[in-house]
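Chain by chain, the residues:
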Amino acid sequence: MILSREEVKHIAALARLALDEQEVALYQEQLSTILEYFGRLQALDTGAIPPTATVLPIRNVMRDDEQVLSSTPEEILANAPAADEGCFSVSAVLET
Amino acid sequence: MKYEAVIGLEVHAQIHTRSKMFCPCPVVEDTGDLPPNTYVCPVCAGMPGTLPVINRRAIEMAIKTGLALHCEIPPVSCFARKSYFYPDLPKGYQISQYELPLCVNGYLDIETEEGTKRIRITRAHMEEDAGKLYHMGDGSSRVDLNRAGVPLLEIVSEPDMRSVAEVIAYATRLHSYLVYLGVNSGDMEKGVMRFEANVSVRPAGSDALNPRHEIKNLNSFRALARSVAYEIESQIATLEQGGVIVQQTMGWDESRGITVPQRGKEYAHDYRYFPDPDLPPLEISRAWVEELRAGLPELPDARRARFIRDYGLSAYDAGLLVAERAVADYYESTLSQLASAAEPKAVANWITGEVFRLMNENGCTITGAPPPSQLAELIDLVQDGTINLNTGKRVLEEMFTTGRSARQIVEERGLAQISDTAALERIVAQVLNGHPTEVTQYLSGKVQLFGWLMGQVMRATQGKANPQLVKELLQAQLEARRSG
């Protein structure tokens, strides 16, 4: 398989996913299949095709620099699992 | 062995637009005074299903900055997602730019002791700022998203700097450019400009690029200078003791004056950039670029050259005046309001001398100095002989502390110069009569006493006498006594 178990665990850690050993094996296989497919695309000669960052035919979607107030702090915090003094409250991040 | 430092700088500059980078929430330069989460909407709070839309003015200001820094503006630019988890980043990724930044391949010239040096700029790209975290010390942290989504321009230099002095010269010049361009206020205390320094050392003259330490989150020129100096010294010491430098991210401990390795961020560089599907690429037409170029203000280098050419200033004085846009504006405003024919050079001397000194003493910037109209009035009073230069300096001090005009101070305190020949003649005669010993000594050859006698006359007039006139009268009366 293209992906090692270690790589799967690393990707899971980046996405903050806790996987058990069975899941690691499952995703190792699934993700490897996907990568293999991309490997086939890789083999195509795309020399004559410009790099593509989007499939949409639109460009330059911009807005004017104008202010709109759309939400109150209460609305913004409404779905927060925990709030404190108008702030989102989260577990402390270790500052090292 | 002799070592040299190799330093590159990443500068994060806030772009002071009215609204945020991807949503219409207001931008305030200092969110410290604002109740938390006041200027936050579903877009900058990272709610699912929202769509960011690019702020045109932020793009324009970024391109203008790039043009001022002699960058190329590629025809296509693209936003990318930089993924990492941190509570101040609501979406779990920061919208930034990776492969196709707005500006590439520029430079900034700095002045060093050896002359002008060119610092190459690799790229300048746009991104959004994160929120603010407050650590409560009880196992929790508070998150305020007022700052989240504020436009930032990240300006990345090549590792072209070799000393702390060059780093500071580059950072201050860049700061000056950003203020001239109106990108932000330049107010460092409000965090509008933040630095990251990449520092490595190598044997002097070598071309090697050794593993570097990346010092994060430097918010002042002082922290930048101290941390880079510390890194250079400690890396050289490590190498001299046979140690090895490993590539590492460091934090700056201001109170202890040392850099410390940042642990527990082993995934920090695994950002998995990819083009943001929410944001269609930008196609930047040459016409748009030229329109923006035409709208560039006069930049410090050009203004300095003009000051030297048009006002006859020395390169040094011109450099002092243009370093800050507000000071250069102050100088030209003062010149334009003069009623007398005072020389531009004399006005420059007033500002770089007395005004700067009093700004230092009063701990204020040029906005705290008497306005240009009042400085012009003071210089006029000196120029037309109403007061002498020394009195003028005293009056300026009083203008700083009381905020009153030069004319008011001169009138109320009776400081007008005494140019009345008859009155001065009497005072000179009194002084000479009062100091017969010194007069005799002078006349028998101790000519250096002239200055002392002159001082006595000035003192007798509380410094108000016209010094040129006093000199003439004193000479005449002393000579009269010689023959008498």
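Note that the structure is predicted; figures quoted are calculated from it, not measured.

Cut-offs and rules
Residues numbered from 1 in each chain as written. Chains lettered and ligands numbered in written order. Predicted model: local features only at pLDDT ≥ 70, side-chain atom pairs only at ≥ 80, totals over all residues. Heavy atoms only, no water. Helix = DSSP H or I, 4+ residues; strand = E, 2+ residues; numbered from the N terminus. Buried < 20%, exposed > 50% of the residue type's maximum accessible area, 1.4 Å probe, protein only. Contact = heavy atoms within 4.5 Å. Domains from an automatic or database assignment. Buried area = accessible area lost by both parts, 1.4 Å probe. Salt bridge = Lys/Arg side-chain N within 4 Å of Asp/Glu carboxyl O. Polar contact = N/O pair within 3.5 Å; in protein donor to acceptor, adjacent residues only side chain to side chain. Nonpolar A, V, L, I, M, F, W, Y, C, P; charged D, E, K, R; others polar. Pairing = 2+ DSSP bridges. Axes fitted to C-alpha atoms, helices over the stretch in contact; angles between N-to-C directions. Phe/Tyr/Trp six-rings, centres within 6.5 Å; stacked < 30°, edge-to-face > 60°. Lys NZ or Arg CZ within 6 Å of the ring centre and 35° of its normal.

1. Quick look at the environment of Tyr170 of chain B
All names here are of chain B. Its location among the elements puts Tyr170 in helix 2 (residues 164–181). Classification of Tyr170 by relative accessible area gives buried; the value is 0%. Ignoring sequence-local partners within four residues, the contact set of Tyr170 consists of Leu9, Val11, Leu108, Ile110, Ile119, Ile121, Ile155, Ser157 and Met161.

2. Some details on the domain arrangement of chain B
Residues and elements named next belong to chain B. Segmenting chain B into domains produces domain 1 (3–292), domain 2 (300–413) and domain 3 (421–483). With 8 residues of domain 1 at the contact, the number on the domain 2 side is 9 residues. Summed over both sides, the interface of domain 1 with domain 2 buries roughly 680 Å², with 48% coming from carbon and sulfur. Between domain 1 and domain 2 we count 1 salt bridge in total. The closest approach of N and O atoms between Arg173 and Asp301, which form a salt bridge, is 3.1 Å. The tally of links between domain 1 and domain 2 comes to 5 residue pairs in polar contact (both at pLDDT 80 or more). When residues in the side of domain 1 that touches domain 2 are grouped by element, the largest group, 6 residues, is from helix 2. Residue composition of the side of domain 1 that touches domain 2, by class: 4 nonpolar, 2 polar and 2 charged.

3. Quick notes on the sheet that holds strand 7 (residues 115–128) of chain B
Residue and element names in this part refer to chain B. Strand order in this open sheet of 8 strands is 6-7-10-1-11-12-13-14, and the pairing throughout is mixed. The open sheet has two edge strands, strand 6 (103–112) and strand 14 (258–261), and neither has a second partner. In this sheet, neighbouring strand axes are inclined to one another by 30° on average, regardless of whether the strands run parallel or antiparallel. Two elements, strand 6 and strand 7, share 9 bridges in a ladder whose sense is antiparallel. Residue pairing across strands places Tyr107 opposite Arg120, the latter belonging to strand 7.

4. Considerations on unusual backbone geometry
Residues and elements named next belong to chain B. At Asn105, a residue that is not glycine, the phi angle is positive and equals roughly 55°. Relative to the helices and strands, Asn105 resides in strand 6. On the basis of relative accessibility, which here comes to 47%, the residue Asn105 falls in the partly exposed class. With a phi angle near 55°, Asn217 is a residue other than glycine that sits in the positive phi range.

5. Examining the side chain of His125 of chain B
As for its position among the elements, His125 of chain B is in strand 7. Side chain to side chain, His125 of chain B and Glu127 of chain B meet in a polar contact 3.1 Å long.

6. As for the packing of aromatic side chains
The relation between two aromatic rings is expressed through the spacing of the ring centres and the mutual angle of the planes. All names here are of chain B. The full count for this structure, using the stated rule, is 10 aromatic pairs over all chains. Their ring planes at 10° and their centres at 3.9 Å tell us that Tyr98 and Tyr273 sit as a pair that is stacked. Taken together, the residues span a long stretch of sequence, with Tyr98 in the loop between strand 5 (93–96) and strand 6 and Tyr273 in the loop between strand 14 and strand 15 (274–275) at a distance of 175 residues. Among the aromatic residues, ring-to-ring pairing joins Tyr84, Tyr98, Tyr271 and Tyr273 into one connected group. Sitting over the ring of Tyr93, Lys91 keeps its end group 5.4 Å from the ring centre. Residue placement shows Arg118 over the ring face of Tyr107; its charged tip is 3.6 Å from the ring centre.

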